[in-house]
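The primary structure of each chain is shown beneath.
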Amino acid sequence: MILPDQRWAQSQRRWQQAEEWGFDHAWTYDHLGWRDLVDGPWFDSMTTLTAAAGVTSRIGLGTLVASPNFRHPAAFARQVTALDDVSGGRFLLGVGAGGIGFDSAVLGGETLPPRQRVDRLAEFVELLDLILREDGTTWRGDWFAAVDARNNPGCVQSPRVPFVMAANGPRSMRLVARFGQGWVTTGTGGDDVEQWWGTVADLAARMDRALVEAGRDPATLDRYLSLDSAPAFSLRSADFFAEQVGRAAALGFTDVVTHWPRASSWYAGDEAVLVDAATRLLPELRRLTPAGRPAVAG
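Quick summary incoming for the structure in this document. (Residues numbered from 1 in each chain as written. Predicted model: local features only at pLDDT ≥ 70, side-chain atom pairs only at ≥ 80, totals over all residues. Heavy atoms only, no water.)

**Topic: the packing of helix 6 (residues 170-179) against helix 7 (residues 193-213)**
Our working definition: Lines fitted to the C-alpha atoms define the axes, with helices restricted to the stretch that makes contact. Angles between their N-to-C directions range from 0 to 180 degrees. Counting from the N terminus, the helices are the DSSP runs of H or I reaching at least four residues and the strands are the DSSP runs of E reaching at least two. Working definition: roughly parallel below 35 degrees, roughly antiparallel above 145 degrees, roughly perpendicular at 65 to 115 degrees, and oblique for all remaining angles. Note on convention: the crossing is left-handed when the near helix lies turned anticlockwise from the far helix by less than a right angle, right-handed when the turn is clockwise. Only heavy atoms matter for contacts: two residues are in contact if any of them lie within 4.5 Å across the pair. Under the convention adopted here, Pro, Cys and the residues Ala, Val, Leu, Ile, Met, Phe, Trp and Tyr are nonpolar, Asp, Glu, Lys and Arg are charged, and Gly plus all remaining residues are polar.
Running from amino to carboxyl end, helix 6 crosses helix 7 at an angle of 55 degrees, the nearest separation of the two axes being 9 Å. Taken as axis vectors, helix 6 and helix 7 run oblique relative to one another. Handedness of the helix 6/helix 7 crossing: right-handed. Residue-level inspection shows Pro 170, Met 173, Val 176 and Ala 177 of helix 6 in contact with helix 7, the latter providing Leu 203, Arg 206, Met 207, Ala 210 and Leu 211. For the contact of helix 6 with helix 7, the residue count by class is eight nonpolar, no polar and one charged.

In structure tokens:
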């Protein structure tokens with residue numbers, strides 16, 4: 001995860017370095033502003049990912065996560081299609097309900113309670129899925145509408161870009177089972193690392209049940225864990241990072257996401273730890289997941 005809080009002249013090297021180290025994918029936040037970092041530099045996610053696509057050739061590139069807080073499916077579908085094209089089919093669309101805070105307030109709208117945010121997400125994902133797969137979509141719901149929305153020429157990836165969907169609750173997990181190629185979770189908190197891992201294990205089991213209830217094989221879903229949602233930064237040491245990746249793999253996660261260390265505040269850490277983990281441990285960590293699937297993302 002590379003936060004969009006630096007000018008491109010500074011951040012470009014990070015995206016290139018992530019690819020050179022062998023990470024499978026690199027992500028950025030999709031916000032108009034985030035927590036107390038809203039008072040500092042902040043850049044658009046889709047433009048940043050387009051620039052990253054131009055200086056890389058292999059690594060997957062994604063939003064973690066886009067939301068309906070300030071997006072409409074018909075307009076966003078054009079951006080998604082363009083980025084998938086520019087990247088040569090490397091775009092991964094992380095999508096979620098959207099939280100409260102700057103993104104939900106800056107446009108002057110009301111702050112929605114959780115149930116309504118999930119209602120809105122369900123419409124957002126359904127309509128975005130339709131537009132990306134079918135040209136000339138007309139559709140109307142309670143939150144969104146489209147009239148003859150076009151997708152020509154469509155995505156490079158078929159039938160559309162993969163949806164990596166954030167979900168911790170039962171309704172959003174059912175949406176993952178219906179629309180998702182991937183699932184991403186942050187756990188549900190805890191006072192210490194062990195408690196947090198307990199919530200992650202519970203969510204993994206619940207996701208399995210949701211898939212089975214939907215008649216879907218659990219093995220068909222990629223599973224992403226945001227390691228830094230735990231009450232300890234995953235890159236506080238390379239060995240701690242390796243331990244966390246191993247625990248994720250043991251719970252069936254195919255992928256994990258860590259943050260590029262920042263100088264201060266959120267995800268503060270030493271870049272030397274990232275370098276150590278990437279150069280010394282990454283080849284070993286990639287072998288932890290089932291069937292040789294990707295394990296680690298930057």
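**Some remarks on unusual backbone geometry**
Spelled out, the test is: Burial classes follow relative accessibility: with a 1.4 Å probe on protein chains only, a residue under 20% of its type's maximum area counts as buried, one over 50% as exposed, and anything between as partly exposed.
Each neighbour pair has its own omega, and for Leu 64 with Val 65 the value is -5 degrees, a cis peptide bond. Tracing the backbone shows Val 65 in strand 2 (residues 60-66). Residues other than glycine seldom take positive phi values, yet Asp 148 does so here, at roughly 55 degrees. With respect to the helices and strands, Asp 148 occurs in strand 5 (residues 145-149). For Asp 148, a relative accessible area of 36% gives the class partly exposed. For Ser 265, which is not glycine, the phi dihedral falls at a positive 65 degrees. Topologically, Ser 265 is positioned in the loop between strand 9 (255-257) and helix 9 (271-285). Given the relative accessible area of 43%, Ser 265 is considered partly exposed.

**Comments concerning helix 6**
An α-helical segment advances 3.6 residues per turn. Residues three or four places apart therefore align on the same side. Within helix 6, the full set of buried residues consists of Ser 172, Met 173, Leu 175, Val 176, Ala 177 and Phe 179. Next to the buried residues of helix 6 lie helix 5 (114-133), strand 6 (163-166), strand 7 (182-185) and helix 7.

**Here we look at the environment of Phe 240**
Summarising the element assignment, Phe 240 is placed in helix 8 (residues 238-250). Measuring from C-alpha to C-alpha, the distance between Phe 240 and Ala 277 comes to 9.7 Å, with 37 residues separating the pair along the chain. Setting aside residues no more than four positions away along its own chain, Phe 240 makes contact with Ala 232, Phe 233 and Ser 234.

**A look at the pattern of salt bridges**
Quick reminder of the rule: One side-chain nitrogen of Lys or Arg within 4 Å of one carboxyl oxygen of Asp or Glu is enough to make a salt bridge.
On inspection of all chains with the given rule, the structure shows 15 salt bridges. Among the ionic pairs, Glu 271 bridges to Arg 13, the shortest N-O distance being 3.3 Å. Here the residue Glu 271 occupies a position in helix 9, and Arg 13 occupies one in helix 1 (residues 8-21), the gap between them amounting to 258 residues. Arg 13 gets classed as partly exposed once you look at its relative accessible area, which sits at 44%. Across the pair Glu 126 and Arg 178 runs a salt bridge, and its minimum N-O distance is 3.8 Å. Taken together, the residues span a long stretch of sequence, with Glu 126 in helix 5 and Arg 178 in helix 6 at a distance of 52 residues. Overall, Arg 178 belongs to the exposed group, its relative accessible area being 53%. Each of Asp 129, Arg 133, Glu 134 and Arg 160 takes part in one network of salt bridges that share partners.

**Here's the deal with the layout of surface pockets**
Applicable threshold: Throughout, the protein atoms alone are placed on a 1 Å grid, and a set of points is a cavity if a 1.4 Å probe fits but cannot get out or a pocket if it is open with protein on both sides within 12 Å along at least five of seven lines; lining residues have an atom within 4 Å of a point. Grid points are joined across faces, edges and corners, and a volume is the space filled by probe spheres set on the points.
Roughly 1200 Å³ of internal volume is contained in the largest pocket. Around the largest pocket, the lining is made up of 42 residues, and of these His 31, Arg 35, Val 65, Gly 99 and Thr 186 lie nearest the centre. With four residues, the top contributor of residues to the lining of the largest pocket is helix 5. By residue class, the composition of the lining of the largest pocket is 20 nonpolar, 16 polar and six charged. The computed volume of the second largest pocket comes to approximately 200 Å³. Secondary-structure elements contributing two or more residues to the lining of the second largest pocket are helix 4 (102-105) and helix 5.

**Comments concerning the pairing of strand 6**
Two faces make up the sheet, and in a regular strand the side chains alternate between them. Filter applied, for reference: Pairing between strands is defined by DSSP: at least two bridges between them are needed.
Bridge analysis of strand 3 (residues 91-95) against strand 6 gives three bridges, and the strand direction is parallel. Its bridge partner being in strand 6, Gly 94 is matched across the sheet by Val 164. By the bridge criterion, three bridges tie strand 6 to strand 7 in an arrangement that is parallel. When the bridges of strand 7 are listed, Val 164 appears paired with Gly 182.

**Brief notes about empty space enclosed by the protein**
The gaps of empty space that remain are located by a probe, the size of a water molecule, rolled over the atoms. Within this structure, the stated rule accounts for two cavities of 30 Å³ or more. Of the volumes computed, that of the second largest cavity is approximately 40 Å³. Taken together, Val 193, Trp 196, Leu 227, Ala 230, Ala 232, Ser 234, Phe 240 and Gln 244 make up the full set of residues lining the second largest cavity. Within the residue set of the lining of the second largest cavity, elements represented by two or more residues are helix 7 and helix 8. Classifying every residue of the lining of the second largest cavity by side-chain character gives six nonpolar, two polar and no charged.

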